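Given next are the chains, with one letter for each unit.
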Amino acid sequence: MDPLRRSPSPCLSSRPSSPSTPPCEMLGPVGIEAVLDQLKIKAMKMGFEFNIMVVGQSGLGKSTMVNTLFKSKVWKSNPPGLGVPPPQTLQLHSVTHVIEEKGVKLKLTVTDTPGFGDQINNDNCWDPILGYINEQYEQYLQEEILITRQRHIPDTRVHCCVYFVPPTGHCLRPLDIEFLQRLCRTVNVVPVIARADSLTMEEREAFRHRIQQNLRTHCIDVYPQMCFDEDINDRILNSKLRDRIPFAVVGADQEHLVNGRCVLGRKTKWGIIEVENMAHCEFPLLRDLLIRSHLQDLKDITHNVHYENYRVIRLNESHLLPRGPGWVNLAPASPGQLTTPRTFKVCRGAHDDSDDEF
Amino acid sequence: MTLLVGKPWNEELRNLSLSGHVGFDSLPDQLVNKSTSQGFCFNILCVGETGIGKSTLMDTLFNTKFESDPATHNEPGVRLKARSYELQESNVRLKLTIVDTVGFGDQINKDDSYKPIVEYIDAQFEAYLQEELKIKRSLFNYHDTRIHACLYFIAPTGHSLKSLDLVTMKKLDSKVNIIPIIAKADTIAKNELHKFKSKIMSELVSNGVQIYQFPTDEETVAEINATMSVHLPFAVVGSTEEVKIGNKMAKARQYPWGVVQVENENHCDFVKLREMLIRVNMEDLREQTHTRHYELYRRCKLEEMGFKDTDPDSKPFSLQETYEAKRNEFLGELQKKEEEMRQMFVMRVKEKEAELKEAEKELHEKFDLLKRTHQEEKKKVEDKKKELEEEVNNFQKKKAAAQLLQSQAQQSGAQQTKKDKDKKNASFT
C-alpha cells in the first residue's frame, strides 16, 4: 500500500473501548478528592432552589407548619383563608423567598392551596393542583428544548408536596385517597397527620397504622419510594422513615418559656406542646427529612424520575393530555399512534436501552 | 450526573431573616454525597507528536502505570485511541478516559491531521446530544465521554510554534478547553524557556487562538489561578522512574550532568499543571465543556437540522413538531428508496435469468452438435475398420494361395529333380 496515500480512517472507537473500565492503582496522592471542595464552592456560589407545596383543608395548620419549618414568617400577611370565607374555587398561592444560613443561599418557593377540599362538591379538586405541577414541568421542558438555552434553567418544579391529613383518628377519607393516588405518580408526596395534638399517643399509632394500611391497599407510593433506594444503607435509613410515615406533626410559631428555655410551642390550659420535642410530636422528623437530609434527594427524584416521566408522556402521547394554561398545541397524531395513556414508572438505576419502542 | 451550571440569581427577591437554625446549611454536603456515590467522569485528550511524552506525562500525573505500547512512526494517518480507567482516592471514584492521538505529525502531508481529532470531539458531543434528544433517556447515569480538557504538547524547539500546531489549535479552540504545555522541557535552558513561552503566548494571541482561561471570578481560586496563568504554557517533564535524592525517592530523570526532579518547581512546571488541571479546576473544566462547548455544538447542530426557536410569525415552534415532520419526511424518502431498490433488484434478477436461459440453450445445442459429430466419426472409424479387415482377409487369401502355389511348385520341382536324379542315376548304371 502506498504509504503516502492516507486512509481517512475513523477513530478506532468513537466511545471508549471497554464498558467495564479496569480499576487502576495509584501509587501516591494525586488530588482527585479536591473536586469535592470545588463542587461545594460552586454550589455555595450558585445557591440552591427548593419548591414545596402544602395541600390540605383549611384550618389544618399548613401555613403555621411552613413558618415553623423555615423559622420565619413565610406568609407576610395573615394566612389566606383566615377569617375569610373559603374561596369558591381552588386557588394556588405561591410566595418566594431567599433565605441564607451559614453562607448557603436557598431560594424557597412555597405554594399554598387554599380552598382544597372545602367545597361541598369536591369532585376533581385535584385538577388545578395537577395542572399547576404539570405546568411547571412544561415550562422547564420548553426551556430545555430551546435551541439557545439559558445557562441555568430556573427550576420551578414542585420538589415536594406535603399533604395534611386531618386527625380524624380513623383512616384515610376517600378524598385523601383519590388525591394521593393521583399525585404520587407526578410528584414526591409526604403525608403528615396535621394538628396531632388532638390525638393521644396510642390514637396516633393506631391512626398511623391504619393510614399505612390504606396506602398499601391503594398502591400509593409516598416519598421515600422504595424502588429508588440506591443501596443497602439507603434502604435501612429509608425503611426507618417509612415506618414513621405519616409523621404526626404540630406547628407553632410562637415561643414560650419552658424550664428556662425558650421553645417553639403551643400553649394550652393543660400544658405547652413543644414542637421540637420528639416526645410531643414528630415535627423534627419532618424537618430533618425535608431539609436536613433528603432535600437534595427530593430534587433529584423530581428531576430524574417525575420530570422524565412527564417528558416521555409529553413527547409521545401529548395529544391525549388535557389542555391546561400555557400548553403548546402539537400537531394532531395519526390514527396509528393513538393509544391509551400508560403510566410510566422509570426506576432509577435501571438502564433501559429500548428507545426503538418509540 | 449532578452537573452544577449557572450563576447566582440577582437579589431582587426578598431576603427573609431566620429566627433559628433551620438546617439547610447541610445542603452542600448533601449534594457532595450524592455526587460521590455517583462518581465523576473526566476525559483528557492528549494532542502531540509521536514520542513527545504524552503517555509518560499521564502516568506521572495520575501516579500510576496506564498500560500502553509506544506507537510507531509509520501510521498512515492520525487516529485516536481512547482508554478508560477507574481511579479511586478515599471515597471519590473517578472514571478517567485518556484519548491519545496516534500518528500525529508523522505524515509527510499533514493537511488533514486535525480532522480525525475534530471528528472525535464532535462524535462525543453527538452521542450526548442523541441521548439528550431521546424520548426515554437516562442522563443521570450516562457515561459522559465529552472531552473536558485538551493538553496540547508543544515540541521544545525553543523558537516558536509550528504551523501544524497553530492550525490544529485554531480548529480545536471552539470545541474543547485547550491547555498548551511544553513537553520535554528539560531540553530547554531556563533563559531560553522564558523567551520561548512569551513567543508562544504572543503567537497564540496574534492568531486568535482561544486557550482555556483559568477562572478568576471566585475569590477562593482567583488568586491561585491568576498566579498560575502567568506561567502558561506549562513546561513539563514526565517521569515514572524514581531516583534517590537526599534520603527520599522522587520521580526524576537522571542525566550524567544532573537529575531533573519532576516535582521540583524550580526544575519544571509539572506541579503547577497538576494543581491547575486536577486540584483546582477540574469541576470548572467540566462545566465549561458542558455549558459552552457542548451548547455551541448543540445549537449549530440543531440549526443545521432545520430547527428554529421562532418562525417568521414569531410563534414558538415546538421542537417535537419539527422533529416529527422531519422524521416522517425521512421515513417517506426511505420507503421510496426501498421501493426503487426492490424494483431494480427484480429487474436484475429477470435479466440474469434470461441470460442464463440463453446460455443453457447454447450449451444444449453444442452438446447435440458434438454428439452428432461424434457419431459420424464413429461411423467413419467403423467403415475404415471394415475396409481394413477386408484387406487383411484378401491379403491372407492371397498369401494362402501364393503359399499353395509355391508348395506345389516346390513339389513338382522336387519331383522333377528326383526324376532327373533318377535319370542320371539310371544313365550311370
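The rules we used
Residues numbered from 1 in each chain as written. Chains lettered and ligands numbered in written order. Predicted model: local features only at pLDDT ≥ 70, side-chain atom pairs only at ≥ 80, totals over all residues. Heavy atoms only, no water. UniProt positions renumbered as here; feature names shortened; annotations may be inferred. Helix = DSSP H or I, 4+ residues; strand = E, 2+ residues; numbered from the N terminus. Pairing = 2+ DSSP bridges. Domains from an automatic or database assignment. Contact = heavy atoms within 4.5 Å. Axes fitted to C-alpha atoms, helices over the stretch in contact; angles between N-to-C directions. Core = buried A, V, L, I, M, F, W, Y, C linked by side-chain atoms within 4.5 Å. Buried < 20%, exposed > 50% of the residue type's maximum accessible area, 1.4 Å probe, protein only.

Going by what an unreviewed UniProt entry lists, chain B is known as Septin and is assigned to Macaca mulatta. Annotation of chain B in UniProt includes, under Sequence similarities (unreviewed entry), the sentence "Belongs to the TRAFAC class TrmE-Era-EngA-EngB-Septin-like GTPase superfamily. Septin GTPase family."

You'll find chain A entered in an unreviewed UniProt entry as Septin, with Macaca mulatta given as the organism. UniProt's Function (unreviewed entry) comment on chain A is quoted here verbatim: "Filament-forming cytoskeletal GTPase." As recorded by UniProt, the Subunit (unreviewed entry) comment attached to chain A reads in full: "Septins polymerize into heterooligomeric protein complexes that form filaments."

Student: Kindly report on the UniProt feature "domain: Septin-type G" (unreviewed entry) in chain B, identifying the contributing residues and their values.
Tutor: This chain's UniProt record puts "domain: Septin-type G" (unreviewed entry) on residues 38–304 of chain B. With 38% helix and 22% strand, the stretch residues 38–304 of chain B has end C-alpha atoms that lie 34 Å from each other.

Student: How would you sum up the sheet that holds strand β3 (residues 104–112) of chain A? Please name residues and give values.
Tutor: The strand order across the open sheet formed by 7 strands is β6(A)-β5(A)-β4(A)-β1(A)-β3(A)-β2(A)-β1(B), and the pairing between neighbours is mixed. Of all the strands in the sheet, the pair left with one neighbour each is β6 (247–248) of chain A together with β1 (15–16) of chain B. In this sheet, β3 of chain A lies alongside strand β1 (residues 48–55) of chain A in parallel orientation, the contact comprising 7 bridges. From the neighbouring strand, Phe 48 of chain A faces β3 of chain A, where its bridge partner is Leu 106 of chain A.

Student: Before we move on, could you go through unusual backbone geometry and cite the residues and values that matter?
Tutor: Across the junction of Ile 245 of chain A and Pro 246 of chain A, the peptide omega takes the value 0°, indicating a cis bond. Positionally, Pro 246 of chain A belongs in the loop between α6 (232–244) and β6. Cis rather than trans, the peptide bond between Leu 232 of chain B and Pro 233 of chain B has omega equal to -15°. Within the secondary structure, Pro 233 of chain B sits in the loop between α6 (219–229) and β7 (234–235). Despite not being glycine, Asn 259 of chain A has its phi angle at roughly 55°, a positive value.

Student: Can you tell me about the domain arrangement of chain B, naming the residues and giving the values?
Tutor: Partitioning chain B into domains gives domain 1 (36–305) and domain 2 (332–389). For domain 1 of chain B and domain 2 of chain B, the distance between their C-alpha centres works out to 69 Å.

Student: An account of the sheet that holds strand β5 (residues 149–154) of chain B is needed here, citing residue identities and associated values.
Tutor: Residues and elements named next belong to chain B. Pairing in this open sheet of 6 strands is mixed, and the strands run β3-β4-β2-β5-β6-β7 from one edge to the other. Edge positions in the open sheet fall to β3 (79–89) and β7, since each of these has one partner strand only. One ladder, built from 2 bridges, connects strand β6 (residues 178–182) with β7; its direction is parallel. Considered in β7, the bridge of Ile 181 is made with Phe 234. The sheet strands contacting helix α1 (residues 27–38) are β2 (40–47) and β4 (92–102), and the helix crosses β4 at an angle near 55°.

Student: Requested: an account of the nonpolar core, with residues and values cited.
Tutor: One finds Phe 62 and Leu 277 of chain B to be the most contacted residues of the largest nonpolar core, which totals 90 residues. It is helix α3 (residues 114–133) of chain B that contributes the most residues to this core, 8 residues altogether. Excluding residues that lie within four positions of it along the chain, Phe 62 of chain B makes contacts with Met 26 and Val 30 of chain A together with Ile 44, Leu 87, Leu 96 and Ile 278 of chain B. Counting 89 residues, the second-largest nonpolar core is a separate cluster that includes Ile 129, Leu 183, Val 275 and Leu 286 of chain A.

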